[in-house]
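# Notes for the structure review
Each chain is listed here by its residues.
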Amino acid sequence: MKFIFTFVVLLFSGIANCQLLTWSPNFIQEESSPVVITVDATKGNQGLMDYLPTNVYVHIGVITTSSTSSSDWKYSKFTWGTTPVSGQATSNSTNKFTYTINGGLRTFFGLNNPSEKIIKIAILFRSGDGNRVQRNADGGDMYIPVYDNGLNVRITNPPTQPKFYAVPEDINKTLGDPLPVTGVSSLESNLKIFLNNTQVGATATNSTSISETATITSYGQQVLVVEATMGLNVKSDTIKFFVTPVVNTAALPAGVKDGVNYDPNNTSVTLVLYAPFKTRVSVLGDFNNWTETVNNQMNRTPDGLRYWIRIDGLTPQTEYAYQFLIDGNLKVADYTTEKVLDPNNDPYIPTANYPNLKPYPFGKTTGIVSVLQTAKPAYTWQVPNFVKPDKRNLVIYELLVRDFVATQRFSTIKDSISYLKKLGVNAIEVMPFNEFEGNNSWGYNPDFYFAPDKMYGTENDLRAFIDECHKQGIAVIMDIALNHAFGLSPTVQMYWDALNNRPADNNPWHNAIEKHPYNVGFDFNHESTATKNLVDMVIEHWLTKYKIDGFRWDLSKGFTQKNTLGNEAAFAAYDDTRVVILKGIYDKMEAVAPNSYCILEHFADNVEEKELSDYGMMLWGNSNHDYNEATMGYNSNFAYGIFTTRGWNNPYLITYQESHDEERLMFKNEQYGNQNGSYNIKNIPTGLKRNEMAASFWAMTPGPKMLWQFGELGYDYSINTCENLTIDNSCRTSPKPIKWDYLADENRKALNTVYSKLLTLRKVPDYLPTFVTSNITYDLGGNFKKMQVNSGALKITVVGNFGVVTETGNVTFQNSGTWYNYLQGGTRNATGLSESITLQP
């Protein structure tokens, strides 16, 4: 099993009762037996403090020469959450737990390849059920070095954090302070201590330990070395730490904002970080060789809320990677960065998707880093002033880049825009494409809100896609998840409660405990000033720098501080504070880009949704169940997908038959469709014809509409289809087959043609009043369904038999005279009186 965390451990052997983890022997080798490891639960995250001494087990493995990273545990012995006797720890005193390895490490872990060597033991102590875990103070895994049988040496005081490459525990020293130093060696040797290349005290001759007290004589980077010499054999252990000068207090320069502020000279930037409650912040990066220096300490504003620094001497158009080092121990990327480098995921991005990607600074830092670039070449927009389609008559095509084109690139989707235009689409809603965790995702696990995810291409690939959409009259809507962020987000990491494995109580952006039952990730507090500022920045960024035409706000019902955990009804009930928050978001969008689209995935009380729609927002209208029941041949009523049914004043209900969250109509037609004699909805051509009929009612209903990718082709793979084409609930977000080949199937092409005819009708300018009117009458309760729309130059009557036997219904056409069968051709002379119409299923 793998665990990926940041590691902070107090490890200094030989100093009893002062460290999280101790072990014997002092220098563990592969042949050592027994190896005794003891954890002190009063240290670290205190996950097992005062816990039952008889219910503690270890999770243990090794990092070997075959491991690819510090998280690549090999030969893990036990399954998480199980209670094997061989994995049980013992306790001889309060809050201390011991685990013993007998027989040598290679035998215990089962290493059979002589060329594979053990580098470290990786270990966690946990409760039997795995719900309580003793870790480092920051929640990281614990590591113990494994040595060869020659001369070895290490510093045991000051203590170090055993990350994969050890760094010291926070050393709070200033000028003139004493620094006790202890080193040990595996063999008798001559031991020396050096601080900044100056020997401290005397040499310990023919000894296995040395202790001296150094004195801090300067600010900045300190280099501490313990050296062991035995003849010509010299070994040393080195740790570097920083002695911080007094943090300078200075007001922000005029005109700067949070994030990167580029100077007109193209050789300087001013970095601003919002970081209340922090003691000090420095910046590390390519411009200082990733080394903390006195000159890279950031100024603190008088109110203590922000840190800032000006960096000069940059080369125009050169990319520089950088991080913030907070309080001397936490490295994070800039949460406002427009590009990140990810050491764990970037290697798997195809070069064709992101050519010439800047290399990650391996060996100089760890974790995600941010990127800045002065004088970045500007993108020249071909359509600088796009006129957005009327939001009342949007036809939105929802797509996921990953599952829409095999290359997973915006540059490839450009080639499909003409297809979508011909289909009758006038807006594309792209599932989240700001940086998310990993490369393979729906995108609802975000970590950076200002950076396009590199898996889909460069930032100018994205701009070119948007530009091409605008050239063809199609708006682009960004799906964005700002209900929550995931654990790699700096907004989460900067204020983290390792003991409880959640955001800290003083986190400016996130709630320590989520407020509602549908939350994933770490819940944003949308009433906090920090979150409001972040959302405003996100809105302005995408609407201006990328000319996005609007946002679809994922889980907008979660933008609340009312605690409704465990109570779905209370969560959906009218929430006046949530309404205020969402109106504020809408106001910001209108101020930045008037008439931009604000779409809510809300599903709250109708009174609340009506108020939001009256304010100008559009809301998702899920009609999947009702339309699918109809296509499967079971009586249903999809009238709630009509905005007038809800009593709304504006046609701002975005009705859809399918979305990324719902099962496919054709999948259920084929699996569960009704049957009468030879008429069988499970038959694919029959099921597709049923979808044509459903599309006719859906598309002719006034108000905006949305269809989910390939629904116009009768896509029939389950939402839970796995990559091996089996079906399992765990595969909901797994990649799905990309079925452009459906266009070669005459029955599926016929469905596509019906969609195109219907949606194209909505785009005729003279007919727009028809598709935004509230003059709608309908009877959708039985199998014989009918709907009439009356406005402007076009009047529409839709009739359909959703049963599995012949049905007859009465229809009174709005006008007498000639009526035209739009889909099949031909005419009908209406009397203006009630007429009987008989339809086959």
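This text follows the structure it describes.
Reading guide: rules and limits
Going along each chain's sequence as written, the residues are numbered from 1 onward. At least 70 in pLDDT is required for a residue's local features to be given in this predicted model, at least 80 for side-chain atom pairs to be given and counted, and no such filter applies to totals for whole chains, interfaces and linings, which use all residues. Only hydrogens and water are removed before side-chain values are computed, so all heavy atoms of the structure are retained for them. Here is the rule: rings of Phe, Tyr and Trp (six-membered ring for Trp) pair when centre to centre is within 6.5 Å. Planes less than 30 degrees apart are stacked, more than 60 are edge-to-face, and the remainder are tilted. Secondary structure elements are taken from DSSP: a helix is a run of H or I of four residues or more, a strand is a run of E of two residues or more, and numbering for both begins at the N terminus. Exposure is judged per residue with a 1.4 Å probe applied to protein chains only, and the accessible area is read against the type maximum: over 50% gives exposed, under 20% gives buried, and values in between give partly exposed. Here, a charge over a ring means that NZ of Lys or CZ of Arg falls within 6 Å of the ring centre while also lying within 35 degrees of the ring normal. Points on a 1 Å grid, built from protein atoms alone, make a cavity when a 1.4 Å probe fits but cannot get out and make a pocket when they are open with protein on both sides within 12 Å along at least 5 of 7 lines; residues with an atom within 4 Å of a point are the lining residues. Grid points are joined across faces, edges and corners, and a volume is the space filled by probe spheres set on the points. Three classes are used: nonpolar for Ala, Val, Leu, Ile, Met, Phe, Trp, Tyr, Cys and Pro, charged for Asp, Glu, Lys and Arg, and polar for all others, with Gly counted as polar. Strands were regarded as paired on the criterion that DSSP finds at least two bridges between them. Each nonpolar core is a collection of buried residues, namely Ala, Val, Leu, Ile, Met, Phe, Trp, Tyr and Cys, held together in the definition by side-chain atoms within 4.5 Å. Any pair of residues with heavy atoms lying within 4.5 Å of one another is described as a contacting pair. Any two cysteine sulfur atoms within 2.5 Å of one another count as a disulfide. For this analysis, a salt bridge means a side-chain nitrogen from Lys or Arg found within 4 Å of a carboxyl oxygen belonging to Asp or Glu.

Our next topic: the packing of aromatic side chains. Aromatic rings in a pair are described by how distant their centres are and how their planes are angled relative to each other. Per the stated rule, a full pass over the model turns up 39 aromatic pairs. Centre to centre, the rings of Phe287 and Tyr320 are 6.3 Å apart; their planes meet at 40°, and the pair counts as tilted. Placement of the pair is Phe287 in the loop between β19 (281-285) and β20 (299-300) and Tyr320 in strand β22 (residues 319-326), with a sequence separation of 33 residues. Phe287 gets classed as partly exposed once you look at its relative accessible area, which sits at 21%. Take Tyr320: its relative accessible area is 10%, and that puts it in the buried class. Through pairs of rings, three or more aromatic residues link up here, namely Tyr397, Phe404, Tyr419, Phe710, Tyr715, Tyr717, Trp740 and Tyr742. The positively charged end of Arg126 is found above the aromatic ring belonging to Trp80, 5.4 Å away from the centroid.

The calculated volume of the second largest pocket comes to roughly 1,300 Å³. In this structure, the second largest pocket is lined by 39 residues; those nearest its centre are Val799, Asn821, Tyr822, Leu823 and Gln824. Of all elements in the fold, only α13 (684-700), α14 (746-762), β42 (794-801), β44 (817-820), β45 (827-830) and β46 (834-839) reach the threshold of two or more residues within the lining of the second largest pocket. Taken together, the residues that form the lining of the second largest pocket break down as 21 nonpolar, 13 polar and 5 charged.

Below, the discussion takes up the pairing of strand β21 (residues 306-311). Counted residue by residue, β21 has 5 buried out of 6 residues, so it is predominantly covered. Bridge count between strand β18 (residues 269-274) and β21: 6 bridges; the pairing is antiparallel. Residue Thr270 lies in a different strand from β21, and its bridge partner there is Arg310. Taking the residues between adjacent antiparallel strands as the criterion, β20 and β21 are bridged by 5 residues, where Gly304 takes a positive phi near 75°.

Side chains Met142 and Ile144 of strand β8 (residues 142-145) all project onto a buried face; the interleaved residues Tyr143 and Pro145 project onto the opposite face, where all are buried too. Direction of pairing for strand β6 (residues 118-127) relative to β8: antiparallel, over a ladder of 4 bridges. Bridged to Ala122 within β8 is Tyr143.

Below, the discussion takes up the nonpolar core. In terms of nonpolar packing, the biggest core is built from 129 residues, with Leu271, Phe324, Phe465, Leu482 and Trp553 touching the most fellow members. Ranked by residue count, the leading element in this core is α13, at 8 residues. Residue contacts for Phe465: discarding those within four places in its chain leaves Phe410, Ile413, Lys414, Ile417, Ile428, Val430 and Val476. Membership of the second largest hydrophobic core comes to 30 residues, among which are Leu48, Ile60, Phe109 and Met142.

Considering all chains together, one arrives at 1 disulfide under this definition. The disulfide partner of Cys722 is Cys731, and the S-S distance across this bridge is 2.0 Å. Since a negative S-S torsion denotes a left-handed disulfide, the Cys722-Cys731 link at about 90° is right-handed.

Take the sheet that holds β20 next. In space, the 4 strands of this open sheet follow the order β17-β18-β21-β20, with antiparallel pairing throughout. Pairing within the sheet leaves two strands with one partner each, and these edge strands are β17 (259-262) and β20. Bridge count between β20 and β21: 2 bridges; the pairing is antiparallel. Directly across from Arg300, in β21, lies its bridge partner Tyr307.

Another point: the pattern of salt bridges. Scanning the model with the defined rule gives 33 salt bridges in all. Among the ionic pairs, Asp141 bridges to Arg135, the shortest N-O distance being 3.3 Å. Its relative accessible area of 0% is what places Asp141 among the buried residues. Of the charged contacts in the structure, one is a salt bridge between Lys689 and Glu692, with a shortest N-O distance of 3.4 Å. Of the two residues, Lys689 and Glu692 are both situated in helix α13; the distance of 3 residues between them amounts to about one turn of the helix. Note on Lys689: relative accessible area 49%, which makes it partly exposed. It is possible to trace a salt-bridge network through shared partners that takes in Glu338, Lys376, Glu459, Arg463 and Lys545.

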